[in-house]
Amino acid sequence: MSGRKLDGVASTAGQYRERNSTADRALDILGMFGETRLSVSGQEVAQTLGTARSTAYRYLQSLVGAGFLEEDPLGGFRLGPRVLELARLARRRYGLSDVALPVMNELRDRTQETVLLTRRAGGNAICLERAEADHPVRISYERGSTLPVNAGASALVLLAWLPPQEARKLLEQELLQQFTSHSITDVDVLMSRLETIRADGYCVSRGELDDNILGVAAPLRDATGAVAAAVSVAALERRVPDERLPDVVDAVLDAAARISDKLALATG
């Protein structure tokens, strides 16, 4: 009896390993697809897996039967409707904060400064998420707090890519407040500033909303290319001297590009 039990265990383990191997091969095939490879041939799959073409076709037909692949009218196999459905479900699960926060945490660790995610709502920018740096002096932009439209890097970035007439109308409708001596309240000056931000691709603000606070912000784009939000670093000015500023700008632009890529996948 003992021998039979051991044989049964060995048989079950062998079947499990075979199933696991099949799953691995299926994932390898799906992993072959990319921006420059939208369909694959049986020969390519056989070469990638290191198997005979007959074995490769067996894996391909299993994926076709499950809806993960379908035959491409131009030849070979392309991703099937089941993949599209899973992608749709995945996009429903991920909101802007879900997409941005992992990259925001990396940006915080890279710069050792607080990182904010903001979105425009009418004449205000709203802080959706933050990744706070560990410093004795805390920069307290809380989740859900509103920031004025005319002051601070995030708000200006969110305005900069609006159509100019729309941006001007919004600024003219708002009561533009003077928060510090560096705040800009003249609409014409602000419009010129927005043009510069668009040309640069980012915004640096110094003490415009709070004295001694420096902000560096860049736009986040969705699948349509529209600016959906902004990511920014907020720091005490003394912690970002002129020689350090280019590194912070590069880090923010890199993070913005990575979040935009993920956002485009999630919203496309």
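Just so it is clear, the structure is predicted and the values come from calculations on it, not from any experiment.

Chemist: For the packing of helix α7 (residues 164-173) against helix α8 (residues 187-200), give the residues involved together with the corresponding values.
Modeler: Contact pair α7 / α8: the axes reach a minimum separation of 10 Å and the direction vectors enclose 140 degrees. In terms of orientation, α7 and α8 fall into the oblique class. The crossing of α7 and α8 is right-handed. Only Val187, Asp188, Leu190, Met191, Leu194 and Arg198 of α8 make contact with α7, whose side of the interface consists of Pro164, Ala167, Arg168, Leu171 and Glu172.

Chemist: Describe empty space enclosed by the protein, with residues and values.
Modeler: Applying the stated rule across the entire model yields one cavity of 30 Å³ or more. Taken as a whole, the largest cavity holds about 170 Å³ of empty space. Every residue lining the largest cavity is counted, 19 residues in all, and those nearest its centre are Tyr141, Gly152, Ala153, Ser205 and Leu209. Residue assignment for the lining of the largest cavity shows that the elements contributing at least two residues are α6 (153-160), β8 (213-221) and β9 (227-236). Classifying every residue of the lining of the largest cavity gives eleven nonpolar, six polar and two charged.

Chemist: Give me the lowdown on the pairing of strand β5 (residues 124-131), citing residues and values where you can.
Modeler: When a strand is regular, its side chains alternate between the sheet's two faces. Relative to β5, strand β4 (residues 114-121) is paired through seven bridges, and the arrangement is antiparallel. Bridge pairing in β5 links Leu117 to Glu129. Between β4 and β5, which follow one another and run antiparallel, lie two residues, and Gly122 among them has a positive phi close to 65 degrees. As defined by bridge partners, β5 adjoins strand β6 (residues 146-148) across three bridges and the pair is classed as antiparallel. Looking at β6, one finds that Asn124 is bridged to Pro148.

Quick notes on the rules
Residues numbered from 1 in each chain as written. Predicted model: local features only at pLDDT ≥ 70, side-chain atom pairs only at ≥ 80, totals over all residues. Heavy atoms only, no water. Axes fitted to C-alpha atoms, helices over the stretch in contact; angles between N-to-C directions. Helix = DSSP H or I, 4+ residues; strand = E, 2+ residues; numbered from the N terminus. Parallel < 35°, antiparallel > 145°, perpendicular 65-115°, else oblique. Left-handed = near helix turned anticlockwise from the far one by under 90°. Contact = heavy atoms within 4.5 Å. 1 Å grid on protein atoms, 1.4 Å probe; cavity = no way out; pocket = protein on both sides within 12 Å on 5 of 7 lines; lining within 4 Å. Points joined across faces, edges and corners; volume = space filled by probe spheres on them. Nonpolar A, V, L, I, M, F, W, Y, C, P; charged D, E, K, R; others polar. Pairing = 2+ DSSP bridges.

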